[in-house]
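The primary structure of each chain is shown beneath.
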Amino acid sequence: MFSLGQDNTSSKGSVKYGELLVLGCNGALPSGDKGRRKSRFSLCRRNKANGVKPSTIHASCTPQAAKAISNKEQHSISYTLSRAQTVVVEYTHDGTSDMFQIGRSTENPIDFVVTDMAPMNQEGPLIQSTISRFACRIICQRNPPYSARIFAAGFDSSKNIFLGEKAAKWRMQDGLMDGLTTNGILVMHPHQGFSQGSKPGQWREISVCGNVFSLRETRSSQQRGRMVDPESNELVDGSLIDLCGATLLWRTAEGLATTPTVKHLEALRHELNAGRPQCPVGFNTLAFPSLRRKDVLDEKQPWAYLCCGHVHGYHGWGGHRDPECQERECPMCRARGSYVPLWLGCEAGFYVDAESPTHSFVPCGHVCSEKTAMYWSQILLPHGTHAFHAACPFFSPEAGQQKTSQVLTKTSGRS
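Residues numbered from 1 in each chain as written. Predicted model: local features only at pLDDT ≥ 70, side-chain atom pairs only at ≥ 80, totals over all residues. Heavy atoms only, no water.

For the chain, the name recorded in an unreviewed UniProt entry is Pellino E3 ubiquitin protein ligase 1, with Takifugu rubripes as its organism.

Trainee: Explain the layout of surface pockets to me, please; I cannot follow it from the model alone.
Mentor: Empty space among the atoms becomes visible once a probe the size of a water molecule is rolled across them. Counted as a void, the second largest pocket has a volume near 460 Å³. What lines the second largest pocket is a set of 25 residues, and nearest its centre among them are S132, R133, F134, T181 and T182. Its residues assigned to classes, the lining of the second largest pocket comprises ten nonpolar, ten polar and five charged. (1 Å grid on protein atoms, 1.4 Å probe; cavity = no way out; pocket = protein on both sides within 12 Å on 5 of 7 lines; lining within 4 Å. Points joined across faces, edges and corners; volume = space filled by probe spheres on them. Nonpolar A, V, L, I, M, F, W, Y, C, P; charged D, E, K, R; others polar.)

Trainee: Explain the sheet that holds strand β6 (residues 97–103) here, please?
Mentor: Hydrogen bonding along the main chain pairs the strands of a sheet, whether they run parallel or antiparallel. Judged by pairing direction, the sheet is mixed, and its four strands sit side by side in the order β7-β6-β8-β9 without closing on themselves. Two strands close off the open sheet at either side, each with one partner strand: β7 (112–113) and β9 (148–152). Note: β6 against strand β8 (residues 136–141), six bridges, orientation antiparallel. For M99, the partnering residue across the bridge sits in β8 and is I139. (Pairing = 2+ DSSP bridges. Helix = DSSP H or I, 4+ residues; strand = E, 2+ residues; numbered from the N terminus.)

Trainee: Whenever I open this one, the side chain of S369 confuses me. Can you help?
Mentor: Structurally, S369 can be placed in the loop between β25 (366–368) and α4 (370–377). A relative accessible area of 0% means that S369 is categorised as buried. Once residues within four sequence positions are removed from consideration, S369 is found in contact with Y351, D353, E355, S356, P357 and T358. (Buried < 20%, exposed > 50% of the residue type's maximum accessible area, 1.4 Å probe, protein only. Contact = heavy atoms within 4.5 Å.)

What follows is the structure, encoded as structure tokens:
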């Protein structure tokens, strides 16, 4: 049932720190996984440490500061205070940690390329992305307990991070500078880990130096929130990372070891289909397609009326006379509402347990276990630059327009 007994080693024998999964993907990107652009990314110990840590601070535009910026072998962060003053912080090699960078850019410094999860029904070209080209970096300790910490902003091809005049920035008590990126990197740590008893935590913003702050009044405001001292930028199993356009789920190696495998999800599908559920009207047998054909409509596909939860095989009657009205009338209870195909949630990393798929999300129709659906229905994910919505993790948050009050529909009904 579970992939129990695994340790922090990957299939290649190296130490695995954890994995990042893109919300809104049901096992793969809609356009397919290609190279560094994919729905999940494993962070494993590198052959040679590439972590960095702050060292020398140049408080003005000195020749040494200019040299640090121009040196492509030297990591540095530049804080522009005015046209006349720029504080440059040099970073030196840290042999005890590995650094992984995430962003929209396809340049070599980015390990995991993440693009916007656009609405599936959107027509025309995409609007300008709100995901930063060099969004954030994760620093993992190479030795046990292999802690992973997140920091806003990533180093570019010249190994520099630039915070311009308009970026929120400030000097800390220890003399170091700190700041926030334009649209910010938000993090939410769940209470009690990622399990059946998990509860959502508070969304916080992470600074360039890894400090934790309450959210700004608006996503790109120059006024930072208040510093939240007791909280940390250390990722825990189930931490959510929002890049303003895409949201990532962090799963630790230990957490993944107790997560149902794809093989187990396939076994649950076989078990569900073995019961030979029938459409209560057409009396035809219903069956979920294999996980390899998870996005292809099948003639035996179960369909559900989302207003009442009754499950049927596909039928053409019950539609509204107005062709623009998408509502259908359930033949079992005559309730009117959306009528959609049901799809199995195939990304095992999103499950908080290994129970049978009995509940679906509204309005996308993705089916998973009850506790998994309940957990995700409680989480309000950042939506755009100012709103928060509950959303199905197997379906694009932007496309779903989920409603918290309607997120559950039982599929075991009378099918």
